[in-house]
Amino acid sequence: TRSKMSFPVESGHVALQHGRTYYETYTLAKDDTDAGEYIHVLCIHGITLSSFVYKRLVSALLTLLDADGNKGVKMTIFDLFGRGKSEAAPGDNTLDLFVTQVHELSEALGMKHMHLIGLSMGGAIAGVFTSRFPEQVTKLILVSPAAAPLQIPLLGRIVTLPYIGPSLYWMFGQRMMLARLQRERLKENFMYPERIPEIVEESIQSAMEQIQSHPGFVQAFHSTLTHFPLQTGVLEHLALIPHHIPVLVVWGEGDEVTPFAASELVTNTIRGAREDKASVRLMGVPDAGHIAFLEAADTVTQEIYTFLF
């Protein structure tokens, strides 16, 4: 949960080119005698829920590491521009904007090498980042990535229409988002929300806080819908991920946001002409929707743990 993370945390804002970015780094300290580098893990969230979505996963992974006597790991979560506690960027919310944000943040925090985890839109960002900065990425995990072309719901298409869309959105955007949140209760993200009421409730609270309190969120969300390649996907970038980087693709089989039907296509695109086909692995998660590491926490956490460490 939000408050029960028992590992030392460093948090704050880093001033990047397009705005101040909020991050939290949880550390499993090294022994004083260990002169080696820390293993860094960086987590990228999706279009709506902020970095808060990763707190349970990070806590669970660090607990497993600690129990196994591992040391020297830093796990970092951060908010994309216009989400959580990060400033909204002044320009369009494009793929390049977010890839640049990840690159600048990783440099500011001294991550020469890292494992990268991306959820949904964050999976698309993580995949493209890896294709552009392969020397920085040791292993890559994509959770239900928004990588294949997505069918955007009618309302989403209307509010991104030139001229009409933005004005409709400015007038009704916040109200529409709050009403939908209260009505739908994020149910599109979970296959069995009734099994994880506490997680659903804290996710709704976090989303609501963001809609009501973040001055740039509504605009950033609209800008992302308009300018991020959700409808065209990023498959051509994923095909460029170098063959030596191991990739784990985790996908809830009940996912309705980025449908599971695209999982083979995404996995095979990354696999490409690799000689070692097993270096790209698809894990379908039977009883989970869009955020498999929350809905099938034990199974998925164990899989991620085994893959990374």
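For every chain, the first residue of the written sequence is number 1, and numbering continues from 1 onward in sequence order. In view of the model being predicted, local features appear only for residues whose pLDDT reaches at least 70, and side-chain atom pairs are presented and counted only at 80 or more, with totals across whole chains, interfaces and linings using the full set of residues. The basis for every side-chain value is the complete set of non-hydrogen atoms in the structure, without hydrogens or water.

1. Description of unusual backbone geometry
Of note in this structure, Ser144 is not a glycine but carries a positive phi near 40°. Position of Ser144 relative to the elements: it lies in the loop between strand S6 (137-143) and helix H4 (154-159). Residue classification places Ser144 among the buried residues on the basis of a relative accessible area of 0%. Residues other than glycine seldom take positive phi values, yet Leu186 does so here, at roughly 55°. Within the fold, Leu186 resides in the loop between helix H5 (164-184) and helix H6 (197-213). Only protein chains enter the calculation, and the probe is 1.4 Å; a residue is then buried if its accessible area is under 20% of its type maximum, exposed if over 50%, and partly exposed in between. Look at Leu186 and you get buried, because its relative accessible area is 6%. In DSSP terms, a helix is any run of H or I states spanning at least four residues, a strand is any run of E spanning at least two, and both are numbered starting from the N terminus.

2. Focus on the sheet that holds S6
Pairs of strands are assigned from DSSP output, requiring at least two bridges between the strands. The strand order S1-S2-S4-S3-S5-S6-S7-S8 describes an open sheet built from eight strands, whose pairing is mixed. Strands at the two margins of the open sheet, each flanked by one partner only, are strand S1 (9-16) and strand S8 (280-285). Pairs of neighbouring strands in the sheet enclose a mean axial angle of 20°, with direction left out of account. Where strand S7 (residues 247-252) meets S8, six bridges bridge the pair, whose relative direction is parallel. In the strand pairing of S8, Gly252 is matched with Val285. All axes are obtained by fitting lines to C-alpha atoms, using only the stretch in contact for helices, and the reported angles, taken between N-to-C directions, cover 0 to 180 degrees.

3. Focus: helix H2 (residues 95-108)
The end-to-end C-alpha distance of H2 is 20 Å, a good match for the 20 Å that 14 residues give at a rise of 1.5 Å each. Of all 14 residues in H2, 10 are buried; the element is thus mostly enclosed. Turning to H2, its buried residues are Leu95, Leu97, Phe98, Val99, Gln101, Val102, His103, Glu104, Leu105 and Ser106. Directly after H2, the chain includes Gly110, whose backbone phi takes a positive value near 70°. Working rule for helices: expected span equals 1.5 Å times residues minus one.

4. Thoughts on the pairing of strand S2 (residues 19-28)
With nine of its 10 residues buried, S2 lies for the most part within the structure. Inspection of the sheet shows S1 paired to S2 by eight bridges, in the antiparallel sense. By the bridge assignment for S2, Glu10 is matched with Thr25. Counted along the chain from S1 to the antiparallel partner S2, the turn is two residues long. Two strands pair when backbone bridges link them, and S2 and strand S4 (residues 73-78) are joined in this way by six bridges, in the antiparallel orientation. Among the inter-strand pairings, Tyr23 is bridged to a residue of S4, identified as Phe78.

Worth remembering: the numbers are spatial, not functional.
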